[in-house]
Amino acid sequence: MNLTPLFLEHLKVRLAYAEKALAATGFDGLVISSGAPFTYFADDQQAPFHTVPHFRHYCPIEGPHHVLKLRPGERPQLIRYAPEDFWYEQLPLGAPFWATGFEITEAPTLDAVWEAIGKPAHSAYLGNETERAQAAGLELNPASLTTYLDWGRSYKTPYEIQALEAATALGAKGHIAGRKAFLAGASELEIHYAFVQAVGCLDHQLAFGSITALEPKGATLHYEHKRSYRNGKVLLLDCGARVRDYASDITRTTLAPECDARFAGLLKGLEELQQQACAALQPGVPFGDIHHQMQLKLGSLLSSAGIFKASPEEAIERGFTRPFMPHGLGHHLGIMVHDVAGRLSSPDGTTQPPPPEHPTLRTTRILEPGHVLTVEPGLYFIPMLLRPFREGEHASRFDWKLIDELIPLGGMRIEDNVLITASGNRNLTREYLPN
Ligand SMILES: [Mn+2]
């Protein structure tokens, strides 16, 4: 696929938005670093390098210390850090699909990079090479500008949607392999390797540290260990891939045939509820409303399964559903897995906090075409969160015998990546992973 026309159109849109952001926040120019690597404290090893997301938004070049210089009305300048090096491999630039979008200068040293930048007047700097940027007279990471740019990152261009879709397709391949390994009795570590092998990358090139949880570990929301325990009854696999640094974030819960039928019934109910939530994503709808509807449906699922006795409305009012689903319905997805600006209501930095009954909601945005979000309801048996209800005034409303029998099975979550379109939505994940 020739990505050049898609990318050049993306760059045009992004530069126009950056010009608007600079005008709105009082700057004449913008300098962005791809970033300096991070070295662990009292160690000589570096963390796997992540490009500064603001930089990545304009330019897909890999590696640290490159700098972009943007000025309204001018062609964007890329100063490419290209040292001679025999310790680490330095590849020539070649002719990547994006190169024609930039005026490219090569600099063999950091001093040469920053000499090429010079001292642009009234300009802002985004990145972590702050000493260099300060010496160049730049204003460091101004909040008004980053917020304005963050808002714009929620609207994905066709180039970005193509990358997110490709990341979803790749993640789906990993999920198919992981599920197959689980059903053959594999351990958490082996399931993880099956995922990574199918995606064809290194661990740190995944979208995030994989959550590969058998049984009770599924109730630790960000469980990252990989046990050698095998022949599990429940697999909660939450993992995604990256394409050109855009992430997918997919979760599937798979049961072994001998799994408890009551747990299987809840998973079927959660699947229906998740598909209804996905279908509800439309332009003009506040994401928080869909979260609220999902909580109501979860209330009726839990009460019809006999876990507690309450109407859905009462279950929300008294917080009965919250220990079973303590996180938000989803989040924006982009270069960052939990993408920015979920709680903004305007590019000027005005925020819309979540309502008190749904404090963990990560996005309160009103959905618009071009937004990409995850939809990921879950249902967990988390002893720590159940304790206040077990000991509280409404304890008799819960079936603790049933709950205690389900606690060893951990939890379940189903997560798809959904693009908001002009007329509704596209569930990117189901196109590649139908179930
Ligand atoms: Mn997620």
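Keep in mind that this is a model prediction, so the values were computed, not measured.

Reading the values: the criteria
- Residues numbered from 1 in each chain as written.
- Predicted model: local features only at pLDDT ≥ 70, side-chain atom pairs only at ≥ 80, totals over all residues.
- Buried ≥ 20, exposed ≤ 12 C-beta atoms within 10 Å, placed from the backbone.
- Helix = DSSP H or I, 4+ residues; strand = E, 2+ residues; numbered from the N terminus.
- Arc of directions from axis to C-beta.
- Contact = placed C-beta atoms within 7 Å.
- Pairing = 2+ DSSP bridges.

Student: Would you mind going over helix H3 (residues 110-117) with me for this structure?
Tutor: Since the α-helix turns once every 3.6 residues, residues separated by three or four places project in the same direction. Residues of H3 that are buried include every one of Val113, Trp114 and Ile117, and no others. Axial view of H3: buried residues confined to an arc of 85 degrees, hence all on one face. The outward face of H3, more than 90 degrees from its buried face, is lined by the exposed residues Asp111 and Glu115. In this structure, the buried residues of H3 make contact with strand S1 (29-33), strand S2 (67-70), strand S3 (77-81), strand S4 (103-107) and helix H4 (130-135).

Student: Would you mind showing me how to read the environment of Ile104 here?
Tutor: With respect to the helices and strands, the residue Ile104 is situated in strand S4. The residues contacting Ile104, other than those within four sequence positions of it, are Leu78, Arg80 and Ala99.

Student: Explain unusual backbone geometry here, please?
Tutor: If a residue is not glycine, its phi is most likely negative; likewise, a peptide bond is most likely trans. With phi around 40 degrees, Asn141 is a residue other than glycine that occupies positive phi space. On the basis of neighbour count, Asn141 is assigned to the partly exposed category, with 15 C-beta atoms found within 10 Å. The phi dihedral of Arg244 is positive, around 50 degrees, even though this residue is not glycine. Arg244 sits in the partly exposed class, given 19 other C-beta atoms within 10 Å.

Student: Got a minute to help me understand the sheet that holds S2 in this structure?
Tutor: In any sheet, the strands associate via hydrogen bonds between backbone groups, in a parallel or an antiparallel arrangement. The strand order across the open sheet formed by 6 strands is S4-S3-S2-S1-S5-S6, and the pairing between neighbours is mixed. Two strands bound the open sheet, and with one partner strand each, they are S4 and strand S6 (139-140). Inspection of the sheet shows S3 paired to S4 by 5 bridges, in the parallel sense. Bridge pairing in S4 places Tyr81 opposite Ala107.

Student: I'm lost on the pairing of strand S8 (residues 234-239) in this one. Help?
Tutor: Each regular strand shows side chains that alternate between the opposite faces of the sheet. By the criterion of burial, S8 is predominantly enclosed, with 6 of the 6 residues buried. Burial along S8 is two-sided: the face carrying Val234, Leu236 and Asp238 and the face carrying Leu235, Leu237 and Cys239 are both buried. Bridging between strand S7 (residues 211-214) and S8 involves 4 bridges; their strand directions are antiparallel. Note that in S8 the partner of Thr212 across the bridge is Leu237. Inspection of the sheet shows S8 paired to strand S11 (residues 250-255) by 6 bridges, in the antiparallel sense. Each residue of the ladder has a partner; that of Cys239, found in S11, is Ile250.

These values are about where atoms sit, not about what they do.
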